[in-house]
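A structural walkthrough
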Amino acid sequence: MKKSFTLKIIIIIFLIIILSVFIYLFSFYDPEKYNFFPKCLFYSITGYKCPGCGIQRAIHHIFIGDFVEAFKYNSLAFFAIPYVLLLISFKNIPYLYNKFPKFTNNLSNNKACLIIFIIIVLFWIFRNIFNF
């Protein structure tokens, strides 16, 4: 029991450090100005935007509070980021999982995964057709 608890504490500390570095990088280093952020390989090869194109700049603008500009870079991020955070929270916090087990399971069941896949593919198609 003690070993399991220690491992959980180490994982939590590691995740806090990673999250802190992530927030620092995306708050202070603008992806448009600094070249150490990776470029989209799909866009570089084909000239078409993938569903993730612009998400680095969108996250940067979210962290600095410029939500309109963030939405312009990747509007799917406004739905994907909260969904992923909600899913991670409900799957990893026992209180939430136990309090809302049906909701938690509905977030990641086969039907939800299929709907998310369809949304991503439609976003991918429409952002290249209508240039958004």
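This text follows the structure it describes.
Described below are features of the structure shown in this document. The model shown is predicted, which means the values in this text are computed figures rather than measured ones. (Residues numbered from 1 in each chain as written. Predicted model: local features only at pLDDT ≥ 70, side-chain atom pairs only at ≥ 80, totals over all residues. Heavy atoms only, no water.)

**With respect to the overall build of the protein chain**
Across its full length, the protein chain carries eight helices and zero strands. Compactness check: the protein chain gives a C-alpha radius of gyration of 18 Å against a globular reference of 14 Å for 132 residues, more than 25% above the reference. Structurally, the protein chain occupies a C-alpha span of about 55 × 35 × 30 Å along its principal axes. When each of the 132 residues of the protein chain is scored for burial, the buried share is 19%. Partitioning the intrachain contacts of the protein chain with sequence separation of at least 6 by distance along the chain shows that 42% fall at a separation of at least 24. About 10,100 Å² of surface is accessible on the protein chain, with carbon and sulfur atoms providing 74% of the total. Each charge class in the protein chain was averaged separately, 13 positive and 4 negative side chains, and the resulting centres sit 21 Å apart. (Helix = DSSP H or I, 4+ residues; strand = E, 2+ residues; numbered from the N terminus. Rg over C-alpha atoms; globule rule 2.2 N^0.38 Å. Buried < 20%, exposed > 50% of the residue type's maximum accessible area, 1.4 Å probe, protein only. Contact = heavy atoms within 4.5 Å. Areas by Shrake-Rupley, 256 points an atom, 1.4 Å probe, with all protein chains shown as cover. Lys, Arg positive; Asp, Glu negative; His and termini not counted. Charge placed at Lys NZ, Arg CZ, Asp CG, Glu CD.)

**A look at the packing of helix 3 (residues 55-63) against helix 5 (residues 77-92)**
Interaxial distance between helix 3 and helix 5 falls to 11 Å at its minimum, and their mutual angle equals 75°. Between helix 3 and helix 5, the crossing angle belongs to the class labelled roughly perpendicular. Facing Ile-55, Ala-58, Ile-59 and Ile-62 of helix 3, the residues of helix 5 in contact are Ala-77, Phe-78 and Ile-81. For the contact of helix 3 with helix 5, a count of residues per class yields seven nonpolar, no polar and no charged. (Axes fitted to C-alpha atoms, helices over the stretch in contact; angles between N-to-C directions. Parallel < 35°, antiparallel > 145°, perpendicular 65-115°, else oblique. Nonpolar A, V, L, I, M, F, W, Y, C, P; charged D, E, K, R; others polar.)

**Regarding the packing of helix 5 against helix 7 (residues 101-108)**
Closest axis-to-axis distance for the helix 5/helix 7 pair is 10 Å, and the angle between their directions is 135°. On the basis of the axis angle, helix 5 is oblique to helix 7. The chirality of how helix 5 crosses helix 7 is left-handed. Residues Tyr-83, Leu-86, Leu-87, Phe-90 and Lys-91 of helix 5 form the contact with helix 7, whose participating residues are Phe-103, Thr-104, Asn-105, Leu-107 and Ser-108. (Left-handed = near helix turned anticlockwise from the far one by under 90°.)

**Side note on the pattern of salt bridges**
Evaluation of the coordinates by the stated rule reveals one salt bridge. The partner of Lys-72 in a salt bridge is Glu-69, and the shortest N-O contact between them spans 3.8 Å. In this pair, Lys-72 and Glu-69 both sit in helix 4 (residues 67-73), three residues apart, roughly one turn of the helix. When its relative accessible area of 56% is taken as the criterion, Lys-72 is described as exposed. (Salt bridge = Lys/Arg side-chain N within 4 Å of Asp/Glu carboxyl O.)

That's the geometry; what it means functionally is another story.
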